[in-house]
Structures are given as structure tokens and as C-alpha cells.
Amino acid sequence: MDQLWNPRPRPDRVEWLERRIEFEDYAANRAFLDRLNDFCEKEGRYPDISFGRTYVNITLRPEEEKASIGEADHVFAAAIDGLV
């Protein structure tokens, strides 16, 4: 089940966005990860990624330490959505 980006504010941590994306098979998952890698290399920004055979979990944190999620972060997340 694909999720939209979920904001995760915590009293003791910086805010971040999370999303889980599921794929039909490993080939589709791998193709997405390759596109994501190329995009992140181009942008010079690297979200936290974990994955299994048919899913990818992405955690997007603000670029500046102790900052909140801002417009640039939402634009970056939307660009990732476009890779799906």
C-alpha cells in the first residue's frame, strides 16, 4: 500500500517526512531505486532509504540541522513522487 508523505514532528527531534512505496516485483523496485539515485546525485541531496524486495521506505529530513520541514523539502518530495 503506497502512502503519501507523512509529517513526523517530535518534541525531542526535528520534523521529517516519511513515505512507503510498494512495487509489484523486485525489478520495478530496482528501477525506481536507480531513478532515485540519479535524481539525488543530480540534486546533491540524499534522503534516508530502506528497502526490501518490493518496497522502499524514504525519510526526508530538512537540509539544515534543527530546522523544520519547509517548502524546498516539499518540492523535493514531490519530485521523488514524480519518479514513481
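Residues numbered from 1 in each chain as written. Predicted model: local features only at pLDDT ≥ 70, side-chain atom pairs only at ≥ 80, totals over all residues. Heavy atoms only, no water.

Caption draft 1: Quick peek at the nonpolar core. Ranked by internal contacts, the top residues of the largest apolar core, which has 17 residues, are Trp 5, Phe 32, Leu 36, Ile 58 and Ile 80. Listed by contribution, the elements that provide at least two residues to this core are β2 (17-22), α1 (26-43), β4 (55-60) and α2 (71-83). By residue number, the principal contributor to this core is α1, which donates five residues. Apart from residues no more than four positions distant in its own chain, Ile 58 is found in contact with Trp 5, Leu 17, Glu 18, Arg 19, Ile 21, Phe 32, Leu 36, Pro 47, Asp 48 and Ile 80. (Core = buried A, V, L, I, M, F, W, Y, C linked by side-chain atoms within 4.5 Å. Buried < 20%, exposed > 50% of the residue type's maximum accessible area, 1.4 Å probe, protein only. Helix = DSSP H or I, 4+ residues; strand = E, 2+ residues; numbered from the N terminus. Contact = heavy atoms within 4.5 Å.)

Caption draft 2: Here's a closer look at the pattern of salt bridges. Within this structure, the stated rule accounts for six salt bridges. Across the salt bridge formed by Asp 81 and Arg 19, the nearest N and O atoms sit 2.5 Å from each other. Pair noted here: Asp 81 is in helix α2 and Arg 19 is in strand β2, with a separation of 62 residues, a long-range link. In this structure Asp 81 comes out as partly exposed when scored by relative accessible area, which is 31%. Note on Arg 19: relative accessible area 10%, which makes it buried. Measuring nitrogen to oxygen at the nearest pair gives 2.5 Å for the salt bridge that ties Asp 73 to Arg 45. Taken together, the residues Asp 73 in helix α2 and Arg 45 in the loop between α1 and β3 (48-51) connect sequence positions 28 residues apart. (Salt bridge = Lys/Arg side-chain N within 4 Å of Asp/Glu carboxyl O.)

Caption draft 3: Geometry of the sheet that holds β2. Spatial strand order, β1-β2-β4-β3: four strands in an open sheet with antiparallel pairing. The strands lining the two open edges of the sheet, one partner per strand, are β1 (6-7) and β3. Strand direction decides the pairing type here: β3 and β4, joined by four bridges, are antiparallel. Each bridged residue has a counterpart across the sheet, and for Asp 48 the counterpart in β4 is Thr 59. Packed on one face of the sheet, α1 meets β2, β3 and β4 and runs near 25° to β4. (Pairing = 2+ DSSP bridges. Axes fitted to C-alpha atoms, helices over the stretch in contact; angles between N-to-C directions.)

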